[in-house]
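The residues making up each chain are set out below.
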Amino acid sequence: MKGSEMNGYQRIMEAMALQKPDRTPVAEFIIDKKVYRHFFPEAESQLDLEIAWGFDAVGCGVRFNPVEPLDDGSFIDEWNVTYRRNAEEVAHPIKGCIQSMDDLRNYTPPDPFSPGRLGRLPELVEKYKGEKAIIFHQRAAFMWSCYLMGIDNMLMNFILEPELCHDLLDMVLDVNLKIARQAVRAGADIIVLGDDYAHNKGPLFSPADFRTFILPRLRKMVDTIHDEGALVVKHSDGNIMKILDDIIDTGIDGLNPIEPVAGMDIGLIKEKYGNRISIWGNIDCGDLLCNGTTDQVRKAVEECISISGKNGGHILTSSNSIHSSVNPENYRTMIETAMNLK
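All values derive from a computational prediction rather than experimental measurement.

**Student:** Explain the pairing of strand β6 (residues 133-138) to me, and be specific about the residues and the numbers.
**Tutor:** For β6, the buried fraction is high: six of the six residues fall into the buried class. Residues Ala-133, Ile-135 and His-137 point to one face of β6 and Ile-134, Phe-136 and Gln-138 to the other, with burial holding for every one of them. Sheet analysis places strand β1 (residues 57-61) next to β6, joined by five bridges and oriented parallel. When the bridges of β6 are listed, Gly-59 appears paired with Ile-135.

**Student:** Can you lay out the side chain of Lys-270 for me, pointing to particular residues and giving the numbers?
**Tutor:** Along the polypeptide, Lys-270 turns up in helix α11 (residues 266-273). No salt bridge forms around the buried Lys-270; measuring N to O, its nearest opposite-charge neighbour Glu-271 is 11 Å away. In this structure the side chain of Lys-270 is engaged in a polar contact, spanning 3.4 Å, whose partner is the backbone oxygen of Lys-310. Non-local contacts of Lys-270, meaning those with residues more than four positions away in its chain, are made with Ile-279, Ile-307, Ser-308, Lys-310, Gly-312 and Gly-313.

**Student:** Which residues make up the pattern of salt bridges, and what are the values?
**Tutor:** Under the defined criterion, the tally for this structure stands at 15 salt bridges. Between Arg-332 and Glu-329 there is a salt bridge, with its nearest N and O atoms 2.7 Å apart. Remark: Glu-329 and Arg-332 occur in helix α14 (residues 328-340); sequence separation between them is three residues, near one turn of the helix.

Parameters at a glance
Residues numbered from 1 in each chain as written. Predicted model: local features only at pLDDT ≥ 70, side-chain atom pairs only at ≥ 80, totals over all residues. Heavy atoms only, no water. Buried < 20%, exposed > 50% of the residue type's maximum accessible area, 1.4 Å probe, protein only. Helix = DSSP H or I, 4+ residues; strand = E, 2+ residues; numbered from the N terminus. Pairing = 2+ DSSP bridges. Lys, Arg positive; Asp, Glu negative; His and termini not counted. Salt bridge = Lys/Arg side-chain N within 4 Å of Asp/Glu carboxyl O. Polar contact = N/O pair within 3.5 Å; in protein donor to acceptor, adjacent residues only side chain to side chain. Contact = heavy atoms within 4.5 Å.

Right, here's the structure in full:
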C-alpha cells in the first residue's frame, strides 16, 4: 500500500520485501532510559518514546530473570551466568559455569516455556499487531554459549575441546529454537538474532570455525523462524565482511547494524546484497550521536537514506543502540530527519 495510508507495519514490511515505502521506516532495538526520559521523564520503557514519536516498529526481548543478587551488586540469572550492572540497559557478563563436559552434563538450562519468557510480547501484539511491526529480540547459539563458558575459553575450545563446544552450542540452540517458535506463534512479525560475531577489525574466529561451529546452527534458527511464518534480521556488531556471504546464504531477510566505525560500508552492502536483504542501519551512535552537531546528524541521516534507501529496502536505525552517552537532542534530530524525508 502506497502513500499516506501506510502504517508502520506496512512500511516495515514493504521495506523488508525490498520495496520502497512512502518514507524510510524507523526502528530501534535498545534505547537507554537516560535518553527516553530526557523527553518523557515518567516513561516506564522506550515504548513510550516509540509510540509518541511514531516509530514504525515496537519490540521487546526474551526475558531471563535475575535469580540471585550478590553482595557486590552483581547478580546471577537463569542461565547461571554472573553479571555486573553498569550504566547501560544491558548488564555485563563476568562469569559462566561450564568449563568441562561434566559441567555441561550436570547443567540444567532455563525452561524455554517458563511464564513471562516472552516479556512484553503478548501486550505488544494485543495493542499494535497490524499497526506496527512487532519485533522480538533473542539469540541463536553463540553468545549464550560464550556467556556460559567465557568467550576466551569458548574460542580456545573450538580447537582444544570441539566436542564440548558442539554440545554446548546445541544445548543453547535447542532452548532458543523453542523460544523463537513461541514468539512467532504469539504474534512476532520479525525475530532479531543478536549474537555478535566480530570486533572492529574482523570476526572473532576464522571463517572455517564459523562454518564449523556457528553457521549450521544459525541456518537452523533461520529456517525454523521462516517455517513458523516470521522474518529474520541478523544483528552483529563489528566487521563481518569475511563471513557475510555465509550469513546471507542462510536466508536472512535483513542485516543490522552495519557499523561504520568497524569499516562496514552501507553503500557497498546495499550494492552487493540489496537485492537479497533489507538493510537496517547505520547512523553512528559513537562519536556522531554523542558529540556531533545536529547539522552533522541531519546530514548523516540524509546521506544514509540517499545511499541505502535508494529503490527501497532500508530501515533506519543507529549503528548499534541508543546508549546512555547519546545526546538526546541528536537522537531527536536523527528521527525527525528520517521521518521528514520522502
